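# Secondary and tertiary structure notes
The chain contents come next:
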Amino acid sequence: VYYAIAGATTLIYNDTTVDAVTYVDSMTDTSLQSGRMLYTQSEVDNIPGPPMDNLVVYRNRLMGAWSEQPTAVWYSKQVIPGTAVAFNDTFVQNIDPTNGAVTAMGWMDDKLAIFKRDLIFYMTGTGPAPNGSANDFSTPIVINTNSGCITPKSVVTADDGIMYQSAKGIYLLTRGLEDSYIGAGVEAYNGANVTGASMAPNTNEVRFALDTGVVLTWDYFLKQWSTFTFDASPSIAGVTIYRNLFAYASA
C-alpha cells in the first residue's frame, strides 16, 4: 500500500537549478499510514479525457460525446468539491450508431437525453463507483420519435421538460418522454440557428437567442410565444445567466 510522505508539515520542494533532488524518508510506518493513501489503491486511475463535444452535467458527472468517435459518450467520476474532473477510459457509454453522431445532450429528473439529428435516446442510473464497480447506467433506449436536435446550444431544461431546436423547429421532450412540436407560434424563424438558450430568472420564460439577433421567448405559464431584439446586437453568439440576469455575447 502506497502513502504520500509529503504532507502539511513535511514538504518536498523541486529545485530547477539541479538535475535531481534527494529526499530522505524519516517517517515511521505509523505516521506514514495516517497520511494520504495513493488513490489508485481504491479507484481506477485518472487519465485526461479525449476531445469532447456536447458537454452536459448529469448525476454530478461531466458527460461528453467523443469528437473522434461521436457515438461514444465519455463520463467522469462523480465530482468531489475541490478536486478536478477525472476520467478513465473504461467510463464510456457506446450509443447505437444508427442515424449517425450524437449532436446534443440534456438532462431532466433522473434521465439523460442523448440527441442525434433525427433520433433521441435516453438513459438512467447513477453510474459506477470510483473503482468502476456497481455501474447501473442503463443501455440507452430509443424514444419513438422522428425528430432530433441540430444544435447543442439550443438544449434547455424547462418547466415541462427539455426544449431544443430540431430541423423542423422548436420541440419539447416532456417529462413523460413524449416528443411534441411546440414552436408553431415562431415557425417564421425556423431558418435561423439558435446560438444559446436559457431559463430567465424571476420569470416564467425560456429564451432562445438566434444568430439573427432575435430572441424567441416561450412563456410556459401562459403557453405562448413572443419575440424581442437587443438594440446593439445584430447577431448573438451565446447566452448565460450572470448574477441572476439574462446575459448575452454579441458575435
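A brief look at the structure comes next. All figures in this text were calculated on a predicted structure; none of them were measured in a lab.

### So, the overall build of the chain
The helix and strand inventory of the chain stands at 1 helix and 18 strands. Here the chain has a C-alpha radius of gyration of 23 Å; the compact-globule value for 251 residues is 18 Å, and the former is much larger. In terms of its C-alpha atoms, the chain occupies a principal-axis envelope of roughly 75 × 40 × 35 Å. Each of the 251 residues in the chain was classed as buried or not, and the buried ones make up 39%. Partitioning the contacts of the chain with sequence separation of at least 6, the portion at a separation of at least 24 is 40%. With an accessible surface of roughly 13,700 Å², the chain has 52% of that area assigned to carbon and sulfur atoms.

### Describing unusual backbone geometry
The phi torsion at N99 lies on the positive side, around 65°, for a residue other than glycine. Among the structural elements, N99 can be located in the loop between β4 (92–94) and β5 (104–108). Positive phi outside glycine occurs at N202, with the angle close to 60°. Along the chain, N202 falls in the loop between β13 (194–199) and β14 (205–210).

### Section: the environment of T174
Locating T174 in the fold gives a position in strand β11 (residues 169–174). Along the primary structure T174 and T157 are separated by 17 residues, whereas in three dimensions their C-alpha atoms are 9.9 Å apart. Setting aside residues up to four positions removed in sequence, T174 forms contacts with M108, D160 and G161.

### Concerning the nonpolar core
Counting 18 residues, the largest nonpolar core has M163, V206, F208 and W225 as its most contacted members. Elements with a minimum of two residues in this core: β11, β13, β14 and β15 (214–219). Among all residues touching F208, those that are not within four sequence positions of it are S154, V156, M163, I170, V194, G196, A197, V214, V215, L216 and W225. If you look at the next biggest cluster of nonpolar residues, it comprises 17 residues, including Y58, M105, I114 and F137.

### Some remarks on the sheet that holds strand β1 (residues 52–58)
Spatially, β1-β2-β3-β4 is the arrangement adopted by the 4 strands of the open sheet, whose pairing is antiparallel. The sheet is open, and its two borders are formed by β1 and β4, each paired with just one other strand. When strand polarity is set aside, the average angle formed by the axes of neighbouring strands in this sheet is 25°.

### Overview of the sheet that holds strand β7 (residues 119–124)
Taken together, the 4 strands give an open sheet; going across it, the order is β5-β6-β7-β8, and neighbouring strands pair in antiparallel fashion. Every interior strand has two partners, whereas the edge strands, β5 and β8 (141–143), have only one. Pairwise comparison of adjacent strand axes, ignoring direction, gives a mean angle of 30° for this sheet. With 3 bridges joining them, β7 and β8 adopt antiparallel strand pairing. Residue pairing across strands places Y122 opposite I141, the latter belonging to β8.

### Overview of the packing of aromatic side chains
According to the stated counting rule, one finds 9 aromatic pairs in the structure shown. For the ring pair Y58 and F137, a centre distance of 6.2 Å and an interplane angle of 25° mean the geometry is stacked. Pair noted here: Y58 is in strand β1 and F137 is in the loop between β7 and β8, with a separation of 79 residues, a long-range link. The residues Y58 and F137 share a single accessibility class, namely buried. Seen in terms of ring centroids, Y75 and F137 are 5.0 Å apart; in terms of plane orientation they differ by 85°. Their pairing is edge-to-face. With Y75 in strand β3 (residues 72–75) and F137 in the loop between β7 and β8, this residue pair connects regions lying 62 residues apart in the sequence. Residue classification places Y75 among the buried residues on the basis of a relative accessible area of 1%. Assessed through its relative accessible area of 9%, F137 is described here as buried. An aromatic cluster of at least three residues, connected via ring pairs, comprises Y58, Y75, F91 and F137. The residue whose ring lies beneath R207 is F246, and the NZ or CZ to ring-centre distance is 5.0 Å.

Analysis parameters
- Starting afresh in each chain, residues are numbered from 1 along the sequence in its written order.
- Given that this is a predicted model, residues contribute local features only at a pLDDT of at least 70 and side-chain atom pairs are listed and counted only at 80 or more, while totals for whole chains, interfaces and linings are drawn from all residues.
- To get the side-chain values, all heavy atoms of the structure are used, and hydrogens and water are removed first.
- Secondary structure elements follow DSSP: runs of H or I no shorter than four residues count as helices, runs of E no shorter than two count as strands, and numbering proceeds from the N terminus.
- Within these notes, the globule rule equals 2.2 Å times the number of residues to the 0.38 power, and the radius of gyration is based on C-alpha atoms.
- The buried label applies to any residue whose accessible area, calculated with a 1.4 Å probe on protein chains only, is under 20% of its type's maximum; exposed applies above 50%, and partly exposed to all values in between.
- Here, two residues are considered to be in contact whenever any of their heavy atoms come within 4.5 Å of each other.
- Computed with a 1.4 Å probe, the accessible areas rest on the Shrake-Rupley method; for each residue, only the protein chains presented here act as cover.
- Note on terminology: a nonpolar core comprises buried Ala, Val, Leu, Ile, Met, Phe, Trp, Tyr and Cys residues joined through side-chain atoms within 4.5 Å.
- By definition, two strands form a pair when at least two bridges between them are found by DSSP.
- For helices, the fitted axis covers only the stretch in contact; all axes are lines through C-alpha atoms, and the angles between them, taken along N-to-C directions, range from 0 to 180 degrees.
- Working definition: a ring pair exists when centres of Phe, Tyr or Trp rings (six-membered ring for Trp) sit within 6.5 Å. Plane angles under 30 degrees give stacked, over 60 give edge-to-face, the rest tilted.
- Only Lys NZ and Arg CZ are tested; either one counts as a charge over a ring when it is within 6 Å of the ring centre and within 35 degrees of the ring normal.

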